[in-house]
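# A closer look at the structure
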Amino acid sequence: MTYQHIDVRPIAGALGAEIHGVDFSRDLADEVVAEIRRAWLDHLVVFFRGQSLTPAQQLAAAKRFGEPVEYPFVQGLPDFPVITPIVKLPHEKVNFGGLWHTDTTYQPRPPMATMLYALELPPYGGDTMFASMYMAYETLSDGMKDLLAPLTGVFRSDKKRVSDTRAARVADAPKEDVSKPKIAEHPIIRVHPETGRKALYVSLAHTTNFKGWTEAESAPLLNYLFEHQTRPEFTCRFRWEPGSIALWDNRCALHNPINDYHGHKRVLHRITFAGDAPKG
Ligand code: SIN
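Residues numbered from 1 in each chain as written. Predicted model: local features only at pLDDT ≥ 70, side-chain atom pairs only at ≥ 80, totals over all residues. Heavy atoms only, no water.

Looking only at helices and strands, the protein chain features 6 helices and 16 strands. Its C-alpha radius of gyration of 18 Å places the protein chain within 12% of the 19 Å reference for a compact globule of 280 residues. Taken along the three principal axes of its C-alpha coordinates, the protein chain extends 50 × 45 × 30 Å. Out of the 280 residues in the protein chain, the part that is buried amounts to 54%. (Helix = DSSP H or I, 4+ residues; strand = E, 2+ residues; numbered from the N terminus. Rg over C-alpha atoms; globule rule 2.2 N^0.38 Å. Buried < 20%, exposed > 50% of the residue type's maximum accessible area, 1.4 Å probe, protein only.)

In structure tokens form, the structure reads like this:
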């Protein structure tokens with residue numbers, strides 16, 4: 001695929017590309033935005049380096065790609081409620097969202113995408129991993145694809161492991177009542193609304209069971225899928241620098257921030273974008 005305005009450099013075989021030649025502090029030409037969008041659909045997650053943005057500039061840049069929406073459980077920045085600080089403090093042992101997931105799939109219309117901008121990073125560690133759910137789907141056997149095709153998944157906000165990862169930030173800046181779980185149902189095999197490709201749409205963080213099945217009945221198959229979907233060859237790993245941006249597609253990519261920097265601070269600013277109801 002060729003580009004006239006940007007330089008796109010894949011970082012792994014499965015997904016992920018660095019894009020060079022973009023300065024988000026300036027007004028981007030429509031052709032540049034269109035090429036970034038094309039590269040993003042092709043690579044599932046794209047990365048930019050060396051950006052220097054105020055919250056207002058990050059928000060302005062984000063609006064070129066979609067409609068920013070608020071995160072339900074933690075307050076955003078005082079003047080920018082759609083910007084959620086993603087923070088781990090030196091004394092903390094748990095990192096926000098620190099397990100494989102796509103963002104807030106317990107909502108009826110989960111966010112299309114997420115833009116994360118790095119401000120303060122540990123001296124080592126704190127990378128984020130991503131995994132292609134196209135590859136996870138395409139590498140299943142025909143028998144497994146047929147079994148999963150009619151299934152609906154139940155997605156909840158209150159699975160213990162993911163709830164624990166947001167507890168400190170909810171305590172600092174609570175918003176909606178976390179004791180009231182959010183629950184949504186989505187097809188397990190999702191057809192991407194823009195590319196038309198099929199993706200495996202489950203995650204360890206939020207999927208509790210198949211609709212009409214108990215959690216105990218669902219567990220063996222879900223556990224198989226959770227393991228399968230994060231096979232190393234489906235993933236890429238991004239090493240952050242201050243000023244890096246990642247823009248990922250929540251409809252076809254999982255992510256997992258690695259919690260390997262205890263004693264150090266990590267701060268990023270996150271914007272999620274309105275999405276549609278997943279369709280099978
Ligand atoms: C998130 O799940 O949005 C946080 C990702 C990260 O901290 O790298």
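Tallying each qualifying case throughout the model produces 11 aromatic pairs. Between the aromatic rings of Y71 and F96, the centroid separation amounts to 5.7 Å while the plane-to-plane angle is 70°, which identifies the pairing as edge-to-face. Taken as a pair, Y71 in the loop between β4 (68-69) and β5 (84-88) and F96 in the loop between β5 and β6 (113-120) lie far apart in primary sequence, 25 residues in all. Overall, the relative accessible area of 6% leaves Y71 in the buried class. Among the aromatic residues, those joined into a cluster by ring pairs are F47, F130, F238, W240 and W248. Positioned over the ring face of Y134 is R197, at 3.9 Å from the centre of the ring. (Phe/Tyr/Trp six-rings, centres within 6.5 Å; stacked < 30°, edge-to-face > 60°. Lys NZ or Arg CZ within 6 Å of the ring centre and 35° of its normal.)

Take unusual backbone geometry next. Phi at L44 takes a positive value of approximately 75°, unusual for a residue other than glycine. Tracing the sequence through the fold places L44 in the loop between α1 (30-43) and β3 (45-48). Among the residues examined, L44 registers a relative accessible area of 2% and is labelled buried. Its identity is not glycine, yet T104 carries a phi of approximately 45°, on the positive side. Position of T104 relative to the elements: it lies in the loop between β5 and β6.

This part takes up the environment of T84. Here T84 is to be found in strand β5. For T84, a relative accessible area of 2% puts it in the buried group. A sequence separation of 13 residues divides T84 from Y71, and the C-alpha atoms of the two residues are 7.0 Å apart. If near-sequence neighbours (up to four positions away) are discounted, T84 is found in contact with Y71, G76, L268, H269 and R270. (Contact = heavy atoms within 4.5 Å.)

Moving on: the pattern of salt bridges. Using the criterion set out here, one finds 22 salt bridges in the structure. With its nearest N and O atoms 2.7 Å apart, the salt bridge here joins E70 to K175. In this pair, E70 is assigned in the loop between β4 and β5 and K175 in the loop between α5 (160-172) and β9 (183-187), connecting sequence segments 105 residues apart. Since its relative accessible area comes to 30%, K175 is described here as partly exposed. Within this structure, R37, E194, D249 and R251 form a network of salt bridges that share partners. (Salt bridge = Lys/Arg side-chain N within 4 Å of Asp/Glu carboxyl O.)

Here we come to the nonpolar core. Of all hydrophobic cores here, the largest spans 49 residues; its most connected members are L15, F130, L148, I188, L200, L225 and W240. Setting aside chain neighbours within four positions, we find L200 in contact with M133, A136, Y137, L148, I188, I189, L225, H228 and Q229. One finds V33, A113, Y117 and F273 within the second-largest nonpolar core, a separate group that totals 32 residues. (Core = buried A, V, L, I, M, F, W, Y, C linked by side-chain atoms within 4.5 Å.)

Turning our attention to the state of the cysteines. Under the definition given, this model contains 0 disulfides. C236 carries a free sulfur, and the closest cysteine sulfur to it, the one in C252, is 12 Å from it. On the accessibility criterion, C252 (0% relative accessible area) is buried. (Disulfide = S-S within 2.5 Å.)

Glancing now at the side chain of S132. As for its placement among the helices and strands, S132 is situated in strand β7 (residues 128-132). According to the relative accessible area criterion, S132 is buried, its value standing at 1%. At 3.1 Å, the side chain of S132 forms a polar contact with the backbone nitrogen of M135. With residues near it in sequence (within four places) discarded, S132 still touches A14, L15, L44, F234 and C252. (Polar contact = N/O pair within 3.5 Å; in protein donor to acceptor, adjacent residues only side chain to side chain.)

What follows concerns the environment of S157. By the element assignment, S157 lies in the loop between β8 (152-156) and α5. Through-space distance from the C-alpha of S157 to that of H206 is 6.1 Å; in sequence the pair is 49 residues apart. Excluding residues that lie within four positions of it along the chain, S157 makes contacts with F73, Y106, V162, S163, R166, P181 and K182.

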